[in-house]
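These are the residues of each chain, in order.
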Amino acid sequence: MNEAYRELADHYRTVVVPSRIRKPKDKPSVEGAVGFLSRQIIAALRNYQCFHIEDLNKEIHSRLEEMNTQEFQKRSGSRKSVFTEEESATLRLLPKTRFKMTEWRTAKVQLNYHIQVERMFYSVPYDYTREDVDVRLTANLIEVYFKDVRIASHTRLKGAIGQYATNTDHMPDNHRLYLDHNPDNNREWARTVGTSMEKFVTYILENNVEKKALGFLAVIRNLNKKHSNDQMEAAAKSLLEVASQPTISVYKGILDRQKKKAARASVVTERPSQSKEDHGFTRGAKYFGGDRT
């Protein structure tokens, strides 16, 4: 059975026993019932004209009732009496929810831990990258299975193609950190560094498209790993004083010069001072006998 047919059987709590191929006697009663129904109803109505679906259904129901109450030829009773006496007691109530037709497909998890379904992209846990998964589609839901275990589910995307449905729990840790890399968080970080840095960050965000600006700010924040907040703030202040259009390259240059200047100053401070009387190996008057009496 295919998955959709199996789900139908599970929904109605029934068992489906497929017949064997090339074994027509596996289902003779079913085929016989189909033929009898075709002769008694479809063939009987072949010349019947109707102008509304309700009229046709009414006529079909009338023929069906007549067929079910007709007496058997080789035994007593009718189809309706057999149903009432033997089968009706075993019937179950229908499920409270209607069966939803589903479609099953297979997909491969891409390197960005998403699968593509009808030109839309849905995330799965990144551990399943490059794995083949089964996808169950309903009208409003998409479920992803790996070896019969559901690993993800999403509301089905509709509208413009190329949309992404991403669950942050599916992302690796380093990708989750990137979600915090947005204009508001960068402004908040700049405030913790100082007023000049806040002005510099604001200038970058206002004079570049967002994606490009965030790239510049990522470079600046990486510099914070090697330089203190005071050094970053001092460099930003110097940059804003000397440049009407501050750039990242100029800012990095100022930081480098500040670092070299601090290094030279520390070398001078650590060098021991020489005494004024220390003149090396200068020989005095006594050595040359100038102090003789």
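One structure accompanies this document, and this report is about it. Residue numbers restart at each chain and count upward from 1, following the sequence in its written direction. Per-residue local features of the predicted model are confined to residues with pLDDT of at least 70, and side-chain atom pairs are confined, for both listing and counting, to 80 or more; whole-chain, interface and lining totals are unaffected and use all residues. To obtain the side-chain values, all non-hydrogen atoms of the structure were included, while hydrogens and water were left out.

### Details of the overall build of the protein
- Secondary structure elements follow DSSP: runs of H or I no shorter than four residues count as helices, runs of E no shorter than two count as strands, and numbering proceeds from the N terminus. Helix and strand counts for the protein stand at 10 helices and 7 strands.
- The rule is simple: take the accessible area with a 1.4 Å probe, protein chains only, and divide by the maximum for that residue type; under 20% is buried, over 50% is exposed, in between is partly exposed. Taking all 293 residues of the protein together, the buried fraction comes to 25%.
- Values of accessible area rely on a 1.4 Å probe in the Shrake-Rupley scheme; residue burial ignores everything except the protein chains shown. Accessible area of the protein: about 22600 Å², with a carbon and sulfur share of 51%.

### Remarks on helix H8 (residues 210–223)
- Here the expected span of a helix is defined as 1.5 Å times the quantity of residues minus one. The first and last C-alpha atoms of H8 sit 20 Å apart over 14 residues, in line with the 20 Å expected at 1.5 Å per residue.
- Three or more residues of H8 are buried, namely Ala 213, Leu 214, Leu 217, Ile 220 and Leu 223. Here the buried residues of H8 occupy an arc of 165° about the axis, which is enough to place them on one side. An arc is given here, and it is the one of the directions from the helix axis to the C-beta atoms.

### So, the side chain of Glu 233
- Mapped onto the elements of the fold, Glu 233 is located in helix H9 (residues 229–242).
- Charged residues are defined narrowly, with Lys and Arg counted positive, Asp and Glu counted negative, and His plus the chain ends left uncounted. In the sections that follow, a salt bridge refers to a side-chain nitrogen of Lys or Arg positioned within 4 Å of a carboxyl oxygen of Asp or Glu. For the buried Glu 233, no salt bridge exists, and the shortest N-O distance to an oppositely charged side chain is 7.1 Å, to Lys 237.
- Polar contacts here mean pairs of N or O atoms no more than 3.5 Å apart (in protein, one a potential hydrogen donor and the other a potential acceptor; neighbouring residues in sequence count only if both atoms are side-chain atoms). Polar contacts involving the side chain of Glu 233 include one to the main-chain amide nitrogen of Thr 195, which spans 3.4 Å.
- Pairs of residues are marked as contacts when any of their non-hydrogen atoms sit within 4.5 Å. Ignoring anything within four residues of it in the chain, the contact list for Glu 233 reads Val 193, Gly 194, Thr 195, Ser 196 and Met 197.

### Regarding the sheet that holds strand S4 (residues 132–137)
- The pairing criterion for strands is at least two bridges between them, as found by DSSP. Read across the sheet, 4 strands follow the order S1-S4-S5-S6 without closing on themselves; strand pairing throughout is antiparallel. Every other strand in the sheet has two partners, leaving strand S1 (103–108) and strand S6 (149–155) as the edge strands with one partner each. Neighbouring strand axes in the sheet, compared pairwise and without regard to direction, differ in orientation by 25° on average.
- Pairing geometry for S1 and S4, over 6 bridges, is antiparallel. What sits directly across from Glu 103, in S4, is Leu 137. Helix axes are fitted only over the stretch in contact, all axes being lines through C-alpha atoms; the angle between N-to-C directions runs from 0 to 180 degrees.

### Let's talk about the packing of aromatic side chains
- Stacked, tilted and edge-to-face pairs are distinguished by plane angle, under 30 degrees for stacked and over 60 for edge-to-face with tilted covering the rest, among Phe, Tyr and Trp rings (Trp via its six-membered ring) whose centres lie within 6.5 Å. Here the structure, examined in full by the defined rule, presents 5 aromatic pairs.
- Between Tyr 12 and Phe 99 the ring centres are 6.5 Å apart and the planes differ by 45°, which places this aromatic pair in the tilted class. Of the two residues, Tyr 12 is situated in the loop between helix H1 (3–11) and helix H2 (28–42) and Phe 99 in the loop between helix H4 (79–87) and S1; the sequence distance between them amounts to 87 residues.
- On the basis of relative accessible area, Phe 99 is assigned to the partly exposed category, the value being 22%.

### Points about the packing of helix H6 (residues 183–193) against helix H7 (residues 195–206)
- Here H6 crosses H7 at 155°, and the two axes come no closer than 7 Å. Comparing the axis directions of H6 and H7 gives the class roughly antiparallel. Contacts between H6 and H7 involve Pro 183, Asn 186, Arg 187, Trp 189, Ala 190, Arg 191 and Val 193 on the former and, on the latter, Met 197, Glu 198, Val 201 and Leu 205.
- Of the residues in the contact of H6 with H7, the class split is 7 nonpolar, 1 polar and 3 charged. The labels follow the angle: roughly parallel below 35 degrees, roughly antiparallel above 145, roughly perpendicular from 65 to 115, and oblique for the rest. For this scheme, ten residues count as nonpolar: Ala, Val, Leu, Ile, Met, Phe, Trp, Tyr, Cys and Pro. Four count as charged, namely Asp, Glu, Lys and Arg, and the remainder, Gly too, count as polar.

### Some points on the sheet that holds strand S3 (residues 120–123)
- Taken in spatial order, the 3 strands make up an open sheet running S2-S3-S7, and their pairing is mixed. With partners counted over all chains shown, the strands left at the sheet margins are strand S2 (114–117) and strand S7 (164–165), one partner each.
- As defined by bridge partners, S2 adjoins S3 across 4 bridges and the pair is classed as antiparallel. Within S3, the residue paired with Gln 116 across the bridge is Phe 121.

### Some remarks on the side chain of Asn 186
- Within the secondary structure layout, Asn 186 lies in helix H6.
- Given a relative accessible area of 1%, Asn 186 falls into the buried group.
- Not counting residues up to four positions away in its chain, the partners in contact with Asn 186 are His 181, Val 201, Leu 214, Leu 217 and Arg 221.

Shape descriptors only; they carry no functional weight alone.
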